[in-house]
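The residues making up each chain are set out below.
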Amino acid sequence: MNAYYKSIDGLRAIAILGVIFYHCGLATVSGGYTGVDVFFVISGYLIVSSIVRRLEKDEFSLKQYMERRFRRIVPVVVIMLLVVSVASFFILLPEDLDFYGSSLVGVSLFIPNFLFEKEFNYFTSSGSPLIHLWSIGVEVQFYVGVFLFFVILCKIKKIDKSILIISLISLGSFGASVLLIGKHLNPVFYLTPFRLWEFGLGALVSLGLVPSIRHKISDNVLSVTGLLLVLAPMFIYDTTWLFPGYSALPSCLGTAMLLYCVDSDAVVINFLRNSVFSWVGKTSYSTYIWHWPIILFYEYSLNRSLIASDVITLLVLIFSIGWLSWWFVENPFYKKKIISNSRILWGGSFCCLLLFLVAGSVFTHFKGFPDRLPGEALTVLEQSEYRIPTTCPDFGYDIIHRSLTDTYCIIGDQDVAPTWALWGDSHARSLSGPLSQSLKENKASALLLGLHGCPALLNVNVTFYLSGTCKIHNQHAFDRLANNPEIKHVVILSRYSMYLYGTSTGGFDGQRAMIHLMDANGRRLSERERVELFRKSYEETMEKVVSLGKDVHIIMPIPEAPFYIPGVVAQSIWKGDSKNAVKISEDSYQDMNEAVLSAMYQVEKKHPGKIKWINPKDIYCDDGACEVMRDGYILYKDSNHPNAFSANILLESIDLEMKAQN
């Protein structure tokens, strides 16, 4: 292997390490997901240079092109799918196996990115062992598209215009990504048209958009700059950044710079050629294919966050299995040491993919085979979904529209004017069903001033609503309280700790962090600045609320776990363990909410007797642990939201107050 390819393998090594460290939850590599974009630029460079080189020599063959791509991609995926499908049947809970079936269908057709685009956000969802294959779907679609592109150019004899046309396509793709990402995050993230510009950058470098002029100083400057642009987002970004769009530019431009210098003698390029990086990069495809199922199944077996020893174990497993896959599957198939006959390869692979297509359909048709679990485990999962419906929508555009237009929904008795209000984020909305039921029973109603991902705080923004929706909503909510004296009672609940630190739904705390506080001008803040802003805003907000002279009920932070609580309880029953053994550490509750509780105690001290505090810790926690089950019922619907049964417990004192007034 010559120096050219060794340096590209070194670049691949950086990309795969970033992705793996991110998925293992290492907080210092919170933007490691940008490694995928590095892979895209490299693919554009290598594939286009290969096609053009063969076209110039009049040696291009569709059969050979497709076979090379097929041999590289499919065998590793097929072996992984076989192992993961068997493991999933014995490990995954019904809902997860059901979705795994859908994922398997999408992967079998090489369109998983289209499936995931409609299902969930990449940064907050982790339920499928195949979610990482969205990028393989994009790669395959690019391989097919770029072949057709050059075939058409050759047919119309415009191959000399390839640089101009690729430039225009790339600019259009990037422009669409930037313009649409604010309102269409999932399509922009997952779908190939919005990623074409990343492949295009690599392609333009390979086609010589900038002529290759080797000079020691310029090569070193460019390669150092390129490496910094690739590495910086991995350490600076987190899941609160709007990505890709503009945010993908540094990683992609940095990769393009390194590819431009890839055959130079620059210091950085020589560093990328070292044997360790070359080995990691050489096996990066197999490692990428296997890394996420390994992490997910490992996390699935835990009822806690990953700790340092877990990460070390995972890294050893990932790179060992990745190397084994490369040595025994990827490399032999690619070099035709295994199944050299292309007809047998195509036929066998087609049969395997057809088998996976059928298996995925069966998993989905039978809803993940719930009969695999004991009845008690299924009961826990059903209880977690227990909700009391209201006349208000639960999620989506309607809630945001009402928040922006000050047209809030009413819960409870629809025939009477609201005398209550419920203000907060999705935690507050989790109480809306039981509160609505109590209100109906007592012939009362309430304004539902709840917006998911938006804490009850005045004059702040959050990264979930970069257009300022949260700030607008909270001002509307307070104005409703201030301008409607008939509203005499206010219930406030928000998951404040998430907006300060980010919290986990698997992996290290903060791994899936999604929403952070920003100041009134929409400026991103450090953790210390977020805590300071919260203290100030919380005290000012509560000062204004108390000044209205209303009956104020504040529900303090709800204990939460770094895992999917109903799933862990159900798994414990499935394994024959006690469901009551699953607990939430009271110490972790105190640590996570230290700044929040401190601010609340300051407000209580400043306004003694003017606020009625409901402390979930007093209700759920004892002897250093907080329960997740009570009287045979699960208390949560995920890692942090109370279900209706739990909400009824939290609202007992409010229900009694309503009855007394009635």
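Here the structure is shown first, and the text comes after it.
The text that follows walks through the structure, step by step, so that each part is easy to find. In this text, all values refer to a predicted model and were calculated from it rather than measured experimentally.

1. Overview of the packing of helix 14 (residues 284–300) against helix 15 (residues 308–334)
Phase 1: Look at helix 14 against helix 15: their axes get within 8 Å of each other, and the N-to-C directions meet at 140°. By the criterion of interaxial angle, the relationship of helix 14 to helix 15 is oblique. In terms of crossing hand, the pair formed by helix 14 and helix 15 is right-handed. Side by side, helix 14 and helix 15 meet where Y285, S286, T287, W290, H291, I294, I295 and Y298 of the first sit next to D310, T313, L314, L317, I318, F319, I321, G322, S325, W326 and E330 of the second.
Phase 2: Residues that form the contact of helix 14 with helix 15 fall into these classes: eleven nonpolar, six polar and two charged.

2. Concerning the sheet that holds strand 9 (residues 611–614)
Phase 1: Ordered in space as 1-3-2-5-7-9, the six strands form an open sheet in which the pairing is mixed. Both edges of this open sheet fall to strand 1 (409–412) and strand 9, since each of them pairs with a single strand only. Each strand of the sheet is rotated relative to its neighbour by a mean of 25°, with strand direction disregarded.
Phase 2: Sheet topology places strand 1 next to strand 3 (residues 445–450); four bridges connect them, and they run antiparallel. Bridge pairing in strand 3 links I411 to A446.
Phase 3: On top of the sheet, helix 23 (residues 527–547) reaches strand 2 (420–424), strand 5 (489–493), strand 7 (551–555) and strand 9; it is set at about 150° to strand 7, its chief contact.

3. Examining the pattern of salt bridges
Phase 1: Considering all chains together, one arrives at 21 salt bridges under this definition.
Phase 2: Residue E529 is joined to R523 by a salt bridge in which the shortest nitrogen-to-oxygen separation is 3.8 Å.
Phase 3: Take E529: its relative accessible area is 25%, and that puts it in the partly exposed class.
Phase 4: Where salt bridges share partners, they join D37, R195 and E198 into one cluster.

4. Notes on helix 9 (residues 196–206)
Phase 1: With respect to burial, helix 9 is a largely interior element, eight of its eleven residues being buried.
Phase 2: Of all the residues in helix 9, the buried ones are W197, E198, F199, G200, L201, G202, A203 and L204.
Phase 3: Where helix 9 is buried, its residues contact helix 2 (35–56), helix 6 (134–155), helix 7 (162–180) and helix 11 (249–260).
Phase 4: In the segment just after helix 9, G208 is the residue with positive phi, at about 80°.

Rules used throughout
- Residues numbered from 1 in each chain as written.
- Predicted model: local features only at pLDDT ≥ 70, side-chain atom pairs only at ≥ 80, totals over all residues.
- Heavy atoms only, no water.
- Axes fitted to C-alpha atoms, helices over the stretch in contact; angles between N-to-C directions.
- Helix = DSSP H or I, 4+ residues; strand = E, 2+ residues; numbered from the N terminus.
- Parallel < 35°, antiparallel > 145°, perpendicular 65-115°, else oblique.
- Left-handed = near helix turned anticlockwise from the far one by under 90°.
- Contact = heavy atoms within 4.5 Å.
- Nonpolar A, V, L, I, M, F, W, Y, C, P; charged D, E, K, R; others polar.
- Pairing = 2+ DSSP bridges.
- Salt bridge = Lys/Arg side-chain N within 4 Å of Asp/Glu carboxyl O.
- Buried < 20%, exposed > 50% of the residue type's maximum accessible area, 1.4 Å probe, protein only.

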